[in-house]
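Each chain is listed here by its residues.
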Amino acid sequence: MTKSYKIPKKLVWEAYQCVKANEGGAGVDRESIAQFEGRLKNNLYKLWNRMSSGSYFPPPVKGVPIPKKSGGERMLGIPTVSDRIAQTVVKWQLEPILDPLFHQNSYGYRPDRSALDAVAMVRRRSWEYDWVVEFDIKGLFDNIDHELLMRALRKHCDTPWILLYVERWLKAPMQTTAGNLEERTSGTPQGGVVSPLLANLFLHYAFDMWVTRNLPSVRFCRYADDGVIHCKNREQAEFVLSKIRKRFEQCRLELHPDKTRIVYCQDINRQEVHSNVQFTFLGYTFRPRKAVDKYGRVYVNFSPAVSRDALRTMRQTIRGWHIQ
């Protein structure tokens, strides 16, 4: 029997092995990985058959609230086991196409790039540039515009079944903790396998390439929805902040008012007075610190160290081990 779309069975099998290795909880169907394995051959064949014929419709994602470090809650959208397998299949097809396009200063959710790579880059540039615009995008995964995202995806991918299923995932409803289904008209569930890749694609055009074209004299580093922009002086930093705020508004996104600020990178050679002389990026706080050179002389350097919040989380984790 001829299928509408050519999807190798081996790809679905390898995607299942990846999902199993990553573990994770059950979705709205309450089916665990162990239960899925109870009828493994039948479940994988059914998933492959539906994806190949174009009749696969993703079930709702399970809304799971988790506490945020800054207070409040973040809502994760947990797909079912079979849906995670389907998303892995699509991600593996898309990533080799999209990742080479992404900016060298984008580090989040990318192969062979880590948060520590991003921190090292910001550390080096904080010595070269006197000012930093620290920014955070408010509710990125909840507010990505579907039309703009699909327009960007179609620019680089013309595989019909990938476009079909990505669009269905974007529109799949979320089941709340009370059991109600909420329709989604924007965003991509934080917790989905393919969501980080789609978010990177959206911000590639909404921010990375826009800054490269319109603000060529600054340097930036972005990790998902967190980022810093390095500027030469205060006036440039104020100008840049106003420009990116307008840019995100055009893309239907909003800067977080409490996590976006202008910071002066104060050290022994930079003594201008400013109210903000520290910022936190990926769990590291950058601020003026005492340092010692190779001759034993003490001086002030602008450098990172683990933030208080990150240390608190580490201590709580270690306490949970109950080691005497």
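The structure this text deals with has already been given above.
Below is a short write-up of the structure. Being a predicted model, the structure only gives us computed values, none of them experimental.

For the structure shown, the criterion picks out 13 aromatic pairs. Taken together, the aromatic side chains of Phe135, Phe207, Phe220 and Phe248 make up a single cluster linked through ring pairs. The aromatic ring of tryptophan 48 is capped on one face by lysine 9, whose charged end is 4.7 Å from the ring centroid. Cation over ring: arginine 168 sits above phenylalanine 57, and NZ or CZ is 3.7 Å from the ring centre.

Attention shifts here to the nonpolar core. For soluble globular proteins, nonpolar side chains are generally found buried alongside one another. Of all hydrophobic cores here, the largest spans 67 residues; its most connected members are Met51, Ile85, Val166, Ile229 and Ile244. Here isoleucine 85 is in contact with Val12, Ala15, Tyr16, Val19, Phe36, Leu44 and Leu47, once residues within four sequence places are set aside. Formed by 16 residues, the second largest nonpolar core is a distinct cluster that contains Val122, Val263, Cys265 and Phe302.

Turning our eyes to something else, we now look at the sheet that holds strand E6 (residues 219-223). Taking strand neighbours across the sheet as the criterion, the 4 strands line up as E6-E7-E3-E8 in an open arrangement whose pairing is antiparallel. With one partner strand each, in any of the chains shown, E6 and strand E8 (261-264) form the two edges of the open sheet. Across the sheet, the axes of successive neighbouring strands diverge by a mean angle of 20°, strand direction being ignored. Note: strand E3 (residues 131-136) against E8, 4 bridges, orientation antiparallel.

Okay, the environment of arginine 315 next. Relative to the elements of secondary structure, arginine 315 occurs in helix H11 (residues 308-320). We classify arginine 315 as partly exposed; its relative accessible area is 43%. For the pair arginine 315 and tryptophan 127, spaced 188 residues apart in the sequence, the C-alpha separation amounts to 31 Å.

Look at arginine 30: it is not a glycine, yet its phi comes out positive at around 60°. Counting through the fold element by element, arginine 30 comes out in the loop between helix H1 (9-22) and helix H2 (33-38). Not every positive phi belongs to a glycine, and alanine 224 is a case in point at roughly 55°. Among the structural elements, alanine 224 can be located in the loop between E6 and strand E7 (226-231). Accessibility expressed as a relative area gives 5% for alanine 224, which makes it buried.

Before going further, it helps to spend a moment on the environment of glutamate 134. Of note, glutamate 134 is situated in strand E3. Residue glutamate 134 is classed as buried on the basis of its relative accessible area, which comes to 9%. For the pair formed by glutamate 134 and leucine 76, sequence separation is 58 residues and the distance between their alpha carbons is 25 Å. If we skip the residues at most four places from it in the chain, glutamate 134 touches Gly227, Val228, Lys259, Thr260, Arg261, Val263, Phe279 and Thr280.

Conventions adopted
- Starting from 1, residues in each chain are numbered consecutively following that chain's sequence as written.
- Given that this is a predicted model, residues contribute local features only at a pLDDT of at least 70 and side-chain atom pairs are listed and counted only at 80 or more, while totals for whole chains, interfaces and linings are drawn from all residues.
- As a rule here, side-chain values cover all heavy atoms of the structure and leave hydrogens and water aside.
- Pairing of aromatic rings covers Phe, Tyr and the six-membered ring of Trp, with a centre-to-centre limit of 6.5 Å; geometry is then stacked below 30 degrees between planes, edge-to-face above 60, and tilted otherwise.
- Each ring is checked for a lysine NZ or an arginine CZ that lies within 6 Å of its centre and within 35 degrees of its normal; such an atom marks a charge sitting over the ring.
- Residues enter a nonpolar core if they are buried and are Ala, Val, Leu, Ile, Met, Phe, Trp, Tyr or Cys, with the set joined through side-chain atoms within 4.5 Å.
- Buried, partly exposed and exposed residues are distinguished by accessible area as a fraction of the type maximum, computed with a 1.4 Å probe on protein chains only: under 20%, between the cut-offs, and over 50%, respectively.
- Throughout, a residue-residue contact means that at least one pair of heavy atoms, one from each residue, lies within 4.5 Å.
- Strands are labelled as partners when DSSP assigns at least two bridges between them.
- Helix and strand labels come from DSSP, where a helix needs a run of H or I of at least four residues and a strand needs a run of E of at least two; each type is numbered from the N terminus.
- Every axis corresponds to a line fitted to the C-alpha atoms, with the helix fit spanning only the stretch in contact, and the corresponding angles, defined between N-to-C directions, vary from 0 to 180 degrees.

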